[in-house]
Amino acid sequence: MNLFKQTKGLVDRLVGARKRSVINKSRDLLDLMQKYTTIGEYHVGAEDGTPNGKKFVLTVYQGDDGVLHQALSSEATANLAPEYVRKYSEELGRFRDFHSKKTGRRYLVEEFLDTFTAEVKKHIREGYNSVNLSVITDTHFKDKDSIDFYGWNGLQHVQEFSYLDQSGLIDLKAHLGDWIDGSDAGLLGESELIKLEKSFKSDTVPYLAIKGNHDENDKFDEHHDLKASFPDHEFENIMWPEMYRQKDIHYISRQHGVAYFDIDDVRIISVNTSDLPYELNNKGQKKYDTKITLAVREDQIEEIIEILTRSSNKRIIFMSHANPINRKGSNALKYNGRSLHELLVAFNQREKGRMHASAGQPAEFRLSNDFDFTNVKNARIVAYLCGHRHREDQYHINGIQYILFNCSALMGPNHSLTTKYNKNLKRKIDQANEAAGYIVNVDLKRHRIQVFGYGAASRRRLYFV
């Protein structure tokens, strides 16, 4: 039974009644514990939608910030230490969803992801050469308690995405970049990356941490016209040491973000499309704005060539933040995107040759790489996975299937930066479409790739390769 235990007085009852009236008028889908707005303690259980239907003590209290809070404590806990907490939002006119004090995850999202993975399992084949990748991109973590755009929810999306590690389904996980929005001060941006790295890394599932065009914090520099807020290799020094330390992640060097992972006959290769020299002018400002200068350079290309040369008997999937070419086959990076695509085509055709950059290209981005794929046997690049565009898309060019993923970052419909794709989704906080994430199944036996999405993503996409 939901027995009211205690309250502080008439004022608390009146405040609670006022907030309940606002909640009752809301059109949002609400859990039954939203109705508890009077300060006090209550016994709640399965009929109230508690985690796993267990019995809890629900404590309603006013925090030091003057905001109404709720906390769930197990009835079996003598000191009533809260396991789940949330606070009231005046903007929303209701309580936010409960999140775990230990993991930061919302238990309703965990239940949703359990349903999602159960549905994925119905459509995939188990066994050799059926490989599952979990993919998230463009979380745009920012130091703001935003209910309809980039903010703290970016970190929560990563924490909740990592819950898929426990499903027993995932062979490799990947974040395709734009971990942060890059619009906070340098020290704050660095702390955000550290929090994300800790939330993303896994002891059970190998992972790839790919760099995005916002991960150099250039957005803050642009808005404030200051010296570079990140020192050289700041993202790399935070994100890559642990990634490269994994026993199942292989590399030529640890310098450029190129890494590869093998399982069965599948090889996954990561690429860094924000590969820029760190050059400062006499004011300490960067010569190249990473947000708008997407590129791959000669040293990275050389590592890709070396890995491909040793890729006999593999079906290969590339991953990066940005797509190297667009659906028309034109360069989608400022430097060397088309060249990278042509290298992949040359591999599939077992060619030998030398790469050259476009005429007039700055010296930092010129290419002079030799390649010889004539001795590679029974191998093919079948797909290229990327984010960056904040929408889903796909195109098949020269035998390579390009697959683009939607951003996990909340993009409310009333913001100028929100893409048309996300405007149409009308994304809202604490709703199923707030975040976005994917499981990609690569089935070589059936010659197909299936992409399963949750949240602001297509439920299922199918590609034959």
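See the structure above.
Residues numbered from 1 in each chain as written. Predicted model: local features only at pLDDT ≥ 70, side-chain atom pairs only at ≥ 80, totals over all residues. Heavy atoms only, no water.

Asks: Any chance you could explain the packing of helix α4 (residues 186-200) against helix α6 (residues 234-245) here in plain terms?
Replies: Geometrically, a packed helix pair is captured by the angle between its two axes and the distance between the axes. The interhelical angle for the contact between α4 and α6, taken along N-to-C directions, is 15 degrees, at an axis separation of 10 Å. Classed by the angle they form, the pair α4 and α6 counts as roughly parallel. Relative to α6, α4 is oriented so that their crossing is right-handed. Between α4 and α6, the contacting residues are E190, L193, I194, L196 and E197 on the first element and E234, F235, I238, M239 and E242 on the second. Looking at the contact of α4 with α6 residue by residue, the classes come out as six nonpolar, no polar and four charged. (Axes fitted to C-alpha atoms, helices over the stretch in contact; angles between N-to-C directions. Helix = DSSP H or I, 4+ residues; strand = E, 2+ residues; numbered from the N terminus. Parallel < 35°, antiparallel > 145°, perpendicular 65-115°, else oblique. Left-handed = near helix turned anticlockwise from the far one by under 90°. Contact = heavy atoms within 4.5 Å. Nonpolar A, V, L, I, M, F, W, Y, C, P; charged D, E, K, R; others polar.)

Asks: Is there a simple way to explain the nonpolar core in this structure?
Replies: In summary, soluble globular proteins display a tendency toward joint burial of nonpolar side chains. Ranked by internal contacts, the top residues of the largest apolar core, which has 61 residues, are L133 and M319. Per-element accounting of this core gives the leading share, six residues, to α6. Excluding residues that lie within four positions of it along the chain, M319 makes contacts with L133, V135, A174, L176, L208, I210, I268, I269, S270, V271, Y384 and L385. In this structure, L344, M355, C386 and Y395 belong to the second largest nonpolar core, which totals 36 residues. (Core = buried A, V, L, I, M, F, W, Y, C linked by side-chain atoms within 4.5 Å. Buried < 20%, exposed > 50% of the residue type's maximum accessible area, 1.4 Å probe, protein only.)

Asks: Can you walk me through the side chain of Q246 in this structure?
Replies: Take Q246: it is sitting in the loop between α6 and β11 (259-263). Exposure remark for Q246: the relative accessible area of 15% places this residue in the buried category.

Asks: When you look at the packing of aromatic side chains in this model, what are you seeing that I'm missing?
Replies: What describes a pair of aromatic rings is the distance from one ring centre to the other and the angle between the planes of the rings. A full pass over the atoms with the stated rule returns 22 aromatic pairs. Measuring from centroid to centroid gives 5.4 Å for Y88 and F95, while their planes differ by 85 degrees, and the two rings are edge-to-face. Relative accessible area serves as the criterion here: at 0%, F95 is assigned to the buried category. Aromatic side chains W179 and F200 sit 5.1 Å apart centroid to centroid with 85 degrees between the ring planes, which places their arrangement in the edge-to-face category. Placement of the pair is W179 in the loop between β9 (172-175) and α4 and F200 in helix α4, with a sequence separation of 21 residues. (Phe/Tyr/Trp six-rings, centres within 6.5 Å; stacked < 30°, edge-to-face > 60°.)

Asks: Is there a simple way to explain unusual backbone geometry in this structure?
Replies: Excluding glycine, a negative phi dihedral is what most residues carry, and trans is how most peptide bonds are arranged. Despite not being glycine, R350 shows a phi value in the positive range, around 55 degrees. Mapped onto the elements of the fold, R350 is located in the loop between α8 (337-348) and β14 (352-354). Of note in the backbone geometry, H447 takes a positive phi value of approximately 55 degrees without being a glycine. Along the chain, H447 turns up in the loop between β19 (436-443) and β20 (448-455). With relative accessibility at 49%, the residue H447 sits in the partly exposed group.

Asks: What should I look at first to understand the side chain of S270 in this one?
Replies: Of note, S270 is situated in strand β12 (residues 266-270). At 2.9 Å, the side chain of S270 and the backbone oxygen of G257 are in polar contact. Every residue in contact with S270, bar those within four places of it in the chain, is listed here: L208, I210, G257, V258, A259 and M319. (Polar contact = N/O pair within 3.5 Å; in protein donor to acceptor, adjacent residues only side chain to side chain.)

Asks: Looking at this structure, I do not really get helix α7 (residues 298-309). What am I missing?
Replies: What sets the pattern is the α-helix's 3.6 residues per turn: residues three or four places apart point alike. Relative to the 16 Å expected for twelve residues at 1.5 Å per residue, α7 spans 16 Å between its end C-alpha atoms, a close match to the ideal helical length. Looking only at α7, the buried set comprises Q300, I301, E303, I304, I305, I307 and L308. Where the residues of α7 are buried, they touch β11, β12, β13 (315-320), α8, β15 (370-372) and β16 (380-386). (Expected span 1.5 Å × (residues − 1).)

Asks: What should I look at first to understand the pattern of salt bridges in this one?
Replies: Per the stated rule, a full pass over the model turns up 31 salt bridges. In this structure, K291 and E222 form a salt bridge, with 3.2 Å as the shortest nitrogen-oxygen distance. Pair noted here: K291 is in the loop between β12 and α7 and E222 is in helix α5 (residues 218-224), with a separation of 69 residues, a long-range link. By relative accessible area, K291 is classed as buried at 14%. Where D248 meets K247, a salt bridge forms, and the shortest distance between an N and an O atom there is 3.3 Å. Given a relative accessible area of 31%, D248 falls into the partly exposed group. Exposure remark for K247: the relative accessible area of 71% places this residue in the exposed category. (Salt bridge = Lys/Arg side-chain N within 4 Å of Asp/Glu carboxyl O.)

Asks: Looking at this structure, how should I read the pairing of β12?
Replies: Within a regular strand, the side chains alternate between the two sheet faces. Within β12, five of the five residues are buried, which leaves the element mostly enclosed by the surrounding structure. Of the two faces of β12, both are covered, the one formed by V266, I268 and S270 as well as the one formed by R267 and I269. As consecutive antiparallel partners, β11 and β12 are separated by two residues, and within that stretch D264 has a phi angle of approximately 55 degrees, a positive value. Relative to β13, β12 is paired through five bridges, and the arrangement is parallel. What sits directly across from R267, in β13, is I316. Between the parallel pair β12 and β13, the chain is carried across by α7, and the sense of this crossover is right-handed. (Pairing = 2+ DSSP bridges. Right-handed = clockwise from strand over helix to strand, strands pointing away.)

Asks: Explanation requested: the sheet that holds β19 in the structure shown.
Replies: What holds strands together in a sheet is hydrogen bonding between their backbones, with the strands either parallel or antiparallel. The sheet built from six strands is open, its strands ordered β10-β9-β8-β19-β20-β21 with mixed pairing. The open sheet has two free edges, formed respectively by β10 (207-209) and β21 (460-464), since each of these has just one partner strand. Neighbour-to-neighbour, the strand axes of this sheet turn through a mean angle of 20 degrees, independent of strand direction. Here β19 runs beside β20; their pairing, made up of eight bridges, is antiparallel. Bridge pairing in β20 places G437 opposite Y454. With respect to the sheet, helix α2 (residues 107-123) is in contact with β19, β20 and β21, its orientation differing from that of β20 by roughly 160 degrees.

Asks: Would you mind showing me how to read α4 here?
Replies: With 15 residues, α4 extends 21 Å between its outermost C-alpha atoms, agreeing within 8% with the 21 Å of an ideal straight helix rising 1.5 Å per residue. Tucked into the core, α4 has its buried residues touching β8 (130-136), α3 (153-161), β9, β10 and α6.

Asks: How should I be thinking about the state of the cysteines in this particular structure?
Replies: Scanning the entire structure with this criterion turns up zero disulfides. With no disulfide of its own, C386 has C407 as its nearest cysteine by sulfur position, at a separation of 14 Å. Note on C386: relative accessible area 0%, which makes it buried. For C407, a relative accessible area of 0% corresponds to the buried category. (Disulfide = S-S within 2.5 Å.)

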